[in-house]
Amino acid sequence: MTCQDHKDLMMAYLDDELDDEQKRAFEAHLASCSDCAKDLEEFKKLKRMTDCVALAEPEDRVWDEYWNRLYNRIERGTGWILFSVAAIALLIYGGFELVETIIEDRAVGVLAKIGVLALIGGLAILFVSVLRERLYFWGRDRYKDVRR
Amino acid sequence: MGTVCEENAAALWDSGQSPREAFEGIVKKHMKDAYFIALGLVGNREDALELSQEAFYRAYKHFDQLNSKGKFFPWFYQILRNLCFSHLRKRRVRRDYQVRNSECGVRISDPESNPQSEIRDPQSDEIADHFDPEMIAERNESKDRIWRAISQLDEKHREVIVLRHFQNMSYDEMAKMLFCNRGTVTSRLFYARQRLKEILDHVKGGQEQ
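Residues numbered from 1 in each chain as written. Chains lettered and ligands numbered in written order. Predicted model: local features only at pLDDT ≥ 70, side-chain atom pairs only at ≥ 80, totals over all residues.

Chemist: Sorry, what's going on with the overall build of chain B here?
Modeler: Within chain B, the secondary structure is distributed over 10 helices and 0 strands. In chain B, the succession of α and β elements from N to C terminus is α-α-α-α-α-α-α-α-α-α. Counting over 209 residues, chain B shows a buried share of 29%. Within chain B, counting contacts between residues at least 6 apart in sequence, those at least 24 apart form 61% of the total. (Helix = DSSP H or I, 4+ residues; strand = E, 2+ residues; numbered from the N terminus. Buried ≥ 20, exposed ≤ 12 C-beta atoms within 10 Å, placed from the backbone. Contact = placed C-beta atoms within 7 Å.)

See below:
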């Protein structure tokens, strides 16, 4: 085994994660390698210093309020989803009703009717185009399963 | 922490409870671990609270993606770490933008409130990086130095230091949380500690000069 291999063992030795056999083998290496012994001493010192650092507990009220704050977030999230779905459904329904009224209204000129139909046609084309593009790229994205 | 990595989703979701009650139990059980991991990764209380709560919210929304035999906490941890790292990246982009502006001599802070900081020093910006020293219990100079050095580690090295030193996880638990093998954990810890040592030596060298 090289010193580099022992460097990996050094961390496990430092954190008491080696079994007895590995520990003996590592200690035998330490006895014959002053560089590794010196490194181990430095890492031990660093570990002692790092172990002394503890994160401060926040005030009790943070834990007391934790679930309520989270529950509010969940509740509002659900509220927003319901509101958005209902708003979209109502907008579509209202839009169709409006278009139907305009088309059937004899008082509205032909040009205005063509304009409304063109607007709807344009929106439909845009929607289909964006949807097709998203589906096309999603199917071919090699990195879609990469966890970022 | 050991049992946390082993608990599967079905065990957490007691059939006698409503989903809300069951999730409340899960949150109350893991909120401290979630908060302290986030605090170790992002360095200040407000962000840690916000990110840990957002992670629970997303876990609640996507709980169906965790199969009944899946372990809850390692799965939840992936959500939390991704949120924290994404938050840090956004913060870095914002800081780089400010540094670029300051290099061009653009005023980015309110000169009336602090006339000295009309143009920021990019280096001090980089060091500060929102890691609040008040987050350390029983502060002293040495602990402040370590905390500051941890803030300068890159994400995957900071992560193993946080899990090992602040969460007291074993190598096997860390491997489960990080979805990697023990060898990778050991190697990351080695490079993280080596980098930590370099940063501390550099700081010490700078103070002696």
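Chemist: What should I look at first to understand the packing of helix α3 (residues 19-42) of chain B against helix α8 (residues 155-166) of chain B in this one?
Modeler: When two helices pack together, you describe them by how their axes are tilted relative to each other and by the distance separating the axes. Residue and element names in this part refer to chain B. One way to put it is that α3 packs onto α8 with a least axis distance of 9 Å and a crossing angle of 140 degrees. The pairing of α3 with α8 is recorded here as oblique in orientation. For the crossing formed where α3 meets α8, the hand is right-handed. Residue-level contacts link Phe-36, Ile-37, Gly-40 and Leu-41 of α3 to Arg-158, Glu-159, Val-162 and Phe-166 of α8. Of the residues belonging to the contact of α3 with α8, the class tally is 5 nonpolar, 1 polar and 2 charged. (Axes fitted to C-alpha atoms, helices over the stretch in contact; angles between N-to-C directions. Parallel < 35°, antiparallel > 145°, perpendicular 65-115°, else oblique. Left-handed = near helix turned anticlockwise from the far one by under 90°. Nonpolar A, V, L, I, M, F, W, Y, C, P; charged D, E, K, R; others polar.)

Chemist: Looking at this structure, I do not really get the nonpolar core. What am I missing?
Modeler: Residues and elements named next belong to chain B. Residues Ala-38, Leu-39, Val-42, Leu-80 and Met-174 are the most contacted members of the largest nonpolar core, which totals 54 residues. For this core, the leading source of residues is α3, giving 11 residues. Apart from residues no more than four positions distant in its own chain, Val-42 is found in contact with Asp-47, Ala-48, Leu-51, Cys-84, His-87 and Leu-88. (Core = buried A, V, L, I, M, F, W, Y, C linked by C-beta atoms within 7 Å.)

Chemist: So what exactly am I meant to see when it comes to the environment of Gly-79 of chain A here?
Modeler: All names here are of chain A. Summarising the element assignment, Gly-79 is placed in helix α4 (residues 60-104). Exposure remark for Gly-79: the 10 C-beta atoms within 10 Å place this residue in the exposed category. Remark: the alpha-carbon pair of Gly-79 and Phe-43, spanning 36 residues in sequence, is separated by 53 Å.

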